[in-house]
Amino acid sequence: MHPAFRLGSPRAMHVHTHRTGRTYYLRTFGCQMNEHDSERISGLMQGLGYEPADTPDRGDVLLYNTCSIREKADTRLIGHLGHARRLKADDPRRLVVVAGCLAQSRQAAFFREHPYVDVLVGPQSLHLLPALLDERVSTGRQVGAFDESTSMWSAELPRVRQSGPLAWIQIMTGCSNYCSYCIVPYVRGPEASRPRNEVVEETRELARQGVREVTLLGQNVNAYGLEPASRAGGGGFPALLEALSGVAGIERIRFMTSHPKDVSPALIETMAGLRQVCEHLHLPVQSGSDRILHLMKRGYDRAAYLDLVNRLRAAIPGLALTTDLIIGFPSETERDFEETVGLVETVGFDGAFTFQYSPRSRTAAAELPGRIDPEVLEVRMRRLVETTQRLGADRNALLVDAEVEVLVEGRSRRDPDALMGRTRTHKVVNFSAVGIVLPGDLVEVRIERASSTSLSGTAPAPSTPVRESAPVPEWVPASEPGAQ
Ligand code: SAH
Ligand code: SF4
Ligand code: F3S
């Protein structure tokens, strides 16, 4: 067995390192799932005795955990790899590793195009990274691993996370939805759910380390436990939320992403009933046109989405809704686009990510006729971004003068004298506080100003921690879910 696998139990949270004086540089692209996988990559590297380096020139091993969701993600990576290539030319002992979704989607072709890359490792093969590094050194050949489905979960590997009150927990892997534009099912394998007791155990351990808020990760968390022969334990996602609400010390539970077709009445009831489950749902709609939704194979239409939004808002007062939108899907007409703008106006999202459609090889939509002219795309993009920002600002403005519960994360990036935290609805709040306020504290903040992306205010002195029975604040806004 490779040394990295002898780091105690598979769910070990602390990595015991033997110092070797060697270093690794890790750069992460893509979604939260990739960020989380990078915590596991760091765990493996530190288990091998490598210490983290802040810049590539200080790293003996250069790792890039990649995303393949849109072409832009690929081109951004190429710039970084150019730097790695030059550093490797300076010191040929350096190793360059490309992990993640792009490695999985390109495989051997990637090696041919980038002969200086030493190791490729797909998301289902991360546990093989130490063995691949060894093999590369001993054979001198480029090596790769591209398992189609997971034999050892990323979640089962040691992890290095930044200490603090927030943590991610992976509850599912893969996706079986095959939305016609999306590469994820091809690079992340089929949906599989982690046993509920393992998720609860990891949550307990995180709570012992001081974590107050967990975000449950999966491409479609609403389908937790629904795949054939699932090992989740019965009751699906609602039962998991119930179980996690019982973990002492966890004040807030979030999850992403939710697929609209799988938000069940039982889930709505559970969200409404559990204090710890936050009043925020990231619910990607993608388009407001029934014709386009059908071509996308999303499994719902406009009316069903709007009905779901109404039911959610009726059951969960103060719910914040955020979404993802794709513009320029093949054959999208002006009318289809107007239907998307109309839906966005009708719902009044707290925030939205707008993406230009990007054809991905192997996906069904890549074969569809009707590419949209880039100039038309630009115009549509501007219009939709303006609309979503205006609506987000309107939603946020409602909070001015309200007192909202904020979980303190640390210092504000904008103003070193201020603190930063988020509302239950996932809106960023920059605030000043009198008295001692620490990361992990829950404080009431009076909101004084609002923009489309954040809020600012003051925690009255002395700041009063919110009691368990505190009422849920009247709704709140947007942040950055979805892939970057
Ligand atoms: N599993 C999540 C998110 C997956 S990727 C979900 O289903 O909601 C995040 C977002 O990227 C998607 O919601 C979609 O809006 C966008 N996206 C995916 N493939 C894309 C493509 N080929 N072109 C443009 N945007 C895409
Ligand atoms: Fe799966 Fe989401 Fe991609 Fe659809 S958009 S295939 S649900 S990851
Ligand atoms: Fe992979 Fe996440 Fe990108 S699943 S393709 S890293 S959005």
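Residues numbered from 1 in each chain as written. Chains lettered and ligands numbered in written order. Predicted model: local features only at pLDDT ≥ 70, side-chain atom pairs only at ≥ 80, totals over all residues. Heavy atoms only, no water.

Participant: Hey, could you run me through the overall build of the protein in this one?
Facilitator: Broken down by element type, the protein carries 13 helices and 19 strands. Taken over the C-alpha trace, the protein has a radius of gyration of 23 Å; the compact-globule value for 484 residues is 23 Å, and the two agree within 12%. Overall size of the protein, expressed as C-alpha extent along the three principal axes, is 65 × 60 × 45 Å. Across the 484 residues in the protein, those meeting the buried criterion constitute 57%. When contacts within the protein are restricted to residue pairs at least 6 apart in sequence, those whose partners lie at least 24 apart make up 76%. One finds the centroid of the 56 positive side-chain charges in the protein at a distance of 3 Å from the centroid of its 59 negative side-chain charges. (Helix = DSSP H or I, 4+ residues; strand = E, 2+ residues; numbered from the N terminus. Rg over C-alpha atoms; globule rule 2.2 N^0.38 Å. Buried < 20%, exposed > 50% of the residue type's maximum accessible area, 1.4 Å probe, protein only. Contact = heavy atoms within 4.5 Å. Lys, Arg positive; Asp, Glu negative; His and termini not counted. Charge placed at Lys NZ, Arg CZ, Asp CG, Glu CD.)

Participant: Would you explain the site of ligand 3 in this entry?
Facilitator: In the vicinity of ligand 3 lie 9 residues, with Cys31, Cys67, Ser68, Cys101 and Gln219 positioned nearest. Grouping the amino acids of the shell around ligand 3 by side-chain chemistry returns 5 nonpolar, 3 polar and 1 charged. (Near = heavy atom within 4 Å. Nonpolar A, V, L, I, M, F, W, Y, C, P; charged D, E, K, R; others polar.)

Participant: Looking at this structure, how should I read the site of ligand 2?
Facilitator: For ligand 2, the full set of nearby residues is Cys175, Asn177, Tyr178, Cys179, Tyr181, Cys182, Val184, Pro185, Gln219, His259 and Arg298. Its residues assigned to classes, the shell around ligand 2 comprises 7 nonpolar, 3 polar and 1 charged.

Participant: Where do I start with the packing of aromatic side chains in this structure?
Facilitator: Each aromatic ring pair is characterised by the separation of its centres together with the angle its planes make. Inspection of every chain in the model, using the stated rule, returns 7 aromatic pairs. A ring pair is formed by Tyr25 and Tyr64, whose centres lie 6.3 Å apart and whose planes are at 65 degrees; its orientation type is edge-to-face. With Tyr25 in strand E1 (residues 23–28) and Tyr64 in strand E3 (residues 61–66), this pair connects stretches of sequence that are 39 residues apart. Put simply, the rings of Tyr300, Tyr305 and Phe349 pair up and form one aromatic cluster. (Phe/Tyr/Trp six-rings, centres within 6.5 Å; stacked < 30°, edge-to-face > 60°.)

Participant: What's the story with the pairing of strand E10 (residues 213–217) in this structure? I'm lost.
Facilitator: Across a regular strand the side chains alternate sides, sitting on one face of the sheet and then on the other. Of all 5 residues making up E10, 5 are buried, and the element is well covered by its neighbours. On E10, burial covers both faces: Glu213, Thr215 and Leu217 on one face and Val214 and Leu216 on the other are all buried. In this structure, E10 lies alongside strand E11 (residues 252–256), joined through 5 bridges in parallel fashion. Its bridge partner lying in E11, Glu213 is registered against Arg252. Once you follow E10 into helix H8 (residues 236–245) and on to E11, the crossover reads as right-handed. (Pairing = 2+ DSSP bridges. Right-handed = clockwise from strand over helix to strand, strands pointing away.)

Participant: Looking at this structure, I do not really get the side chain of Asp336. What am I missing?
Facilitator: Within the secondary structure layout, Asp336 lies in helix H12 (residues 334–347). Polar contacts involving the side chain of Asp336 include one to the side chain of Ser289, which spans 2.8 Å. A polar contact is formed between the side chain of Asp336 and the backbone nitrogen of Thr333, at a distance of 2.9 Å. Not counting chain neighbours up to four residues away, the residues in contact with Asp336 comprise Ser289, Arg291, Ile292 and Ser331. (Polar contact = N/O pair within 3.5 Å; in protein donor to acceptor, adjacent residues only side chain to side chain.)

Participant: Mind showing me how you'd approach helix H13 (residues 374–397) here?
Facilitator: At 3.6 residues per turn, the α-helix brings residues three or four places apart onto the same side. For H13, which comprises 24 residues, the first-to-last C-alpha distance of 34 Å matches the rise-based estimate of 34 Å (1.5 Å per residue) to within 8%. Along H13, the residues classified as buried are Leu377, Arg380, Met381, Leu384, Thr387, Thr388, Leu391, Gly392, Arg395 and Asn396. The elements touched by buried residues of H13 are helix H11 (302–315), strand E13 (320–327), H12, strand E14 (351–356), strand E18 (442–450) and strand E19 (454–459). (Expected span 1.5 Å × (residues − 1).)

Participant: Help me understand the sheet that holds E14, please; the structure alone is not making it clear to me.
Facilitator: Within a beta sheet, neighbouring strands are joined by backbone hydrogen bonds and run either parallel or antiparallel to one another. Strand order in the open sheet formed by 3 strands is E12-E13-E14, with parallel pairing between adjacent strands. Both outer strands of the open sheet, strand E12 (280–282) and E14, are each paired with one neighbouring strand and no more. In this sheet, neighbouring strand axes are inclined to one another by 10 degrees on average, regardless of whether the strands run parallel or antiparallel. Sheet topology places E13 next to E14; 6 bridges connect them, and they run parallel. Paired with Thr323 across the two strands is Ala352, which belongs to E14. Here H13 sits on the sheet and contacts E13 and E14; the angle it forms with E14, its principal contact strand, is near 175 degrees. (Axes fitted to C-alpha atoms, helices over the stretch in contact; angles between N-to-C directions.)

Participant: When you look at the sheet that holds E11 in this model, what are you seeing that I'm missing?
Facilitator: Here we have 3 strands laid out as an open sheet, ordered E7-E10-E11, and parallel in their pairing. Bordering the open sheet on either side are strand E7 (166–170) and E11, each of which pairs with just one other strand. Between one strand axis and the next, the sheet turns by 25 degrees as a mean value, whatever way the strands run. Across the sheet, helix H7 (residues 196–208) is in contact with E7 and E10; its angle to E7 comes to roughly 165 degrees. Packed onto the sheet, H8 meets E10 and E11 and runs at close to 155 degrees relative to E11.

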